[in-house]
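The primary structure of each chain is shown beneath.
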Amino acid sequence: MRRHKISIIGAGNVGATCAHWAAVKELGDVVLLDVIEGMPQGKALDLAQSGPVEDFDGVFVGTNDYKDTAGSDVIVITSGMARKPGMTREDLLEANKQIVTKVVSSCVEHSPGAILVVVTNPLDTMTYLAKHVSGFPKNRVLGQAGVLDSARFRTFVAMELGVSVENVHACVLGGHGDTMVPLPRYSTVAGIPITHLLSKERIDAIVERTRDGGGEIVRLLGTSAYYAPAASVAEMVEAILLDQNRILPCSAYLQGQYGIDGLYVGVPIKLGAGGVKQVIEIELTDEERAALHRSAAAVRELVEAMKQL
Ligand code: NAI
Ligand code: 2OP
């Protein structure tokens, strides 16, 4: 049987860590591509040499040439600038527009059947751009944000209650930014909604910390997070390659669902072979729906700003 091929564009913090997760999970052969010469080659070789220790097989290629990405099943796009302290994800718009446009064109030329998983910020806008530049159908272009934002929410709930993160599930909708919409009503501990376990004040504090989750790490680290973002991408890649039909919050192209049209926004989707199989519409209260629409409006504003650049 042919092994799956995963190309990761941008071999920096998120890209290289994602390659590591993909290798350990044995999701397929991995190509790491970057504009910096030598760096992806060195990281791929280093990764290959951890195989005998960790007991995984695979072909790991580091490259600066898109020919090596040819025939990829999934392409993860992490190339671009990351936030530094004081910057918002939106500050990255102009630089990353140029980078993502170039990268997606090159990827499509060599892998016309691939599924694109976008990570570069501002996430929902860059995913929109990737769909536009690639011309791919909507099921084959999606963005990673909700898995990470939900993971942060889950972590904070588990820390608050002193329970295993494995028991905590959470749902975060909306754009990957300050307007994201964590949904306590749909967040549970072993099936029990957190609204039954925590006071409103504590839930509000956790929601706020989740919204600021990326910023908190930028302030501590001096650059943006990468362990949890990369693990989140690997979970999505695994769902696609193993046709797992996972229900995951991802940035997906909406055409009327939730009353939002022609935009990438974070919503629960069914993810498996071929990419996005279904956008799942859950019932929202008026307040939750208004928050989602505010978030979508912020994404739309950024998409319009990008079109002017
Ligand atoms: P990084 O700076 O460590 O890595 C980015 C890499 O992209 C660098 O190695 C750089 O040389 C490369 N690159 C730049 N232009 C390129 C091009 N034209 N072709 C190929 N490679 C190119 O940054 P990091 O931390 O890995 O973050 C990458 C992106 O992901 C940033 O935009 C960041 O904001 C975003 N991000 C998104 C998250 C999400 O949840 N969606 C979470 C974390 C980061
Ligand atoms: C994060 O949420 C910066 O988007 C990145 O960590």
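Residues numbered from 1 in each chain as written. Chains lettered and ligands numbered in written order. Predicted model: local features only at pLDDT ≥ 70, side-chain atom pairs only at ≥ 80, totals over all residues. Heavy atoms only, no water.

### Some words on the overall build of the protein
Thought 1: For the protein, the helix and strand inventory stands at ten helices and 14 strands.
Thought 2: Considering only C-alpha atoms, the protein reaches an extent of 50 × 45 × 40 Å along its principal axes.
Thought 3: Split into buried and exposed, the 309 residues of the protein put 53% on the buried side.
Thought 4: Here the contacts in the protein between residues at least 6 apart in sequence split such that 69% fall between residues at least 24 apart.
Thought 5: Working note: accessible area of the protein is about 13,600 Å², and carbon and sulfur atoms make up 52% of it.
Thought 6: When the 29 positive and 36 negative side-chain charges of the protein are each reduced to one mean point, those points stand 3 Å apart. (Helix = DSSP H or I, 4+ residues; strand = E, 2+ residues; numbered from the N terminus. Buried < 20%, exposed > 50% of the residue type's maximum accessible area, 1.4 Å probe, protein only. Contact = heavy atoms within 4.5 Å. Areas by Shrake-Rupley, 256 points an atom, 1.4 Å probe, with all protein chains shown as cover. Lys, Arg positive; Asp, Glu negative; His and termini not counted. Charge placed at Lys NZ, Arg CZ, Asp CG, Glu CD.)

### A short note on the pattern of salt bridges
Thought 1: The final tally for this structure, using the stated rule, is twelve salt bridges.
Thought 2: The partner of R185 in a salt bridge is E288, with the nearest N and O atoms 2.8 Å apart. In this pair, R185 is assigned in the loop between β9 (181–182) and β10 (188–189) and E288 in helix α10 (residues 286–308), connecting sequence segments 103 residues apart.
Thought 3: Overall, the relative accessible area of 37% leaves R185 in the partly exposed class. (Salt bridge = Lys/Arg side-chain N within 4 Å of Asp/Glu carboxyl O.)

### Examining empty space enclosed by the protein
Thought 1: A full pass over the atoms with the stated rule returns one cavity of 30 Å³ or more.
Thought 2: In this structure, the largest cavity spans a volume of roughly 30 Å³.
Thought 3: Forming the boundary of the largest cavity are A145, G146, D149, V172, L173, G174, G175, H176 and G266.
Thought 4: Elements represented by at least two residues in the lining of the largest cavity include exactly α6 (146–161) and β8 (172–173).
Thought 5: Residues that form the lining of the largest cavity fall into these classes: three nonpolar, five polar and one charged. (1 Å grid on protein atoms, 1.4 Å probe; cavity = no way out; pocket = protein on both sides within 12 Å on 5 of 7 lines; lining within 4 Å. Points joined across faces, edges and corners; volume = space filled by probe spheres on them. Nonpolar A, V, L, I, M, F, W, Y, C, P; charged D, E, K, R; others polar.)

### Quick look at the site of ligand 1
Thought 1: Around ligand 1, the structure places 28 residues, and the nearest of them are N13, V14, D34, M81 and Q144.
Thought 2: At 2.8 Å from an oxygen atom of ligand 1 is found a main-chain nitrogen or oxygen belonging to V14.
Thought 3: With respect to the detected pockets, ligand 1 is housed in the largest pocket.
Thought 4: For the shell around ligand 1, the elements supplying multiple residues, two or more each, are α1 (13–24) and α4 (93–110).
Thought 5: When residues of the shell around ligand 1 are assigned to their parent elements, the largest contribution, three residues, is made by α4.
Thought 6: The class makeup of the residues in the shell around ligand 1 is 15 nonpolar, twelve polar and one charged.
Thought 7: Both domain 1 (5–143) and domain 2 (146–307) contribute no fewer than three residues apiece to the shell around ligand 1. (Near = heavy atom within 4 Å. Polar contact = N/O pair within 3.5 Å; in protein donor to acceptor, adjacent residues only side chain to side chain. Sits in = over half its atoms within 2 Å of the grid points. Domains from an automatic or database assignment.)

### Observations regarding the domain arrangement of the protein
Thought 1: Looking at the assigned domains, one finds that the protein contains domain 1 (5–143) and domain 2 (146–307).
Thought 2: Computed from C-alpha atoms alone, the centre-to-centre distance between domain 1 and domain 2 is 21 Å.
Thought 3: The interface is formed by 38 residues belonging to domain 1 together with 44 residues belonging to domain 2.
Thought 4: For the domain 1 face of the interface with domain 2, the top three residues by lost area are R89, D124 and Y128, together amounting to 19%.
Thought 5: The tally of links between domain 1 and domain 2 comes to one salt bridge. (Buried area = accessible area lost by both parts, 1.4 Å probe.)

### Considerations on the site of ligand 2
Thought 1: For ligand 2, the full set of nearby residues is R83, R89, N121, L148, R152, H176, G214, S224 and A225.
Thought 2: Within the side chain of R152, a nitrogen or oxygen atom sits 2.8 Å from an oxygen atom of ligand 2.
Thought 3: Residue H176 places a side-chain N or O atom 2.7 Å away from an oxygen atom belonging to ligand 2.

### Some words on the environment of V141
Thought 1: Assignment of secondary structure puts V141 in strand β6 (residues 141–143).
Thought 2: In this structure the C-alpha to C-alpha distance between V141 and A252, which are 111 residues apart in sequence, comes to 7.6 Å.
Thought 3: If near-sequence neighbours (up to four positions away) are discounted, V141 is found in contact with L116, T127, A130, K131, S134, F136 and Y264.

### Here's the deal with the nonpolar core
Thought 1: Judged by nonpolar contacts, the single largest core of 78 residues is most densely connected at L142 and I269.
Thought 2: When we break this core down by domain, the ones giving at least three residues each are domain 1 (5–143) and domain 2 (146–307).
Thought 3: Sequence-distant contacts of I269, defined by excluding residues within four places in its chain, comprise L142, R246, I247, L248, C250, A252, V276, Q278, V279 and I280.
Thought 4: Of all hydrophobic cores here, the second largest spans 14 residues; its members include A158, V172, M180 and V189. (Core = buried A, V, L, I, M, F, W, Y, C linked by side-chain atoms within 4.5 Å.)

### Comments concerning the pairing of strand β14 (residues 275–279)
Thought 1: Here strand β13 (residues 261–272) runs beside β14; their pairing, made up of four bridges, is antiparallel. Opposite G272, over in β14, you have G275 as the bridge partner.
Thought 2: Counting the residues between successive antiparallel strands, the hairpin from β13 to β14 contains two residues, one of them, G274, with a positive phi of roughly 90 degrees. (Pairing = 2+ DSSP bridges.)

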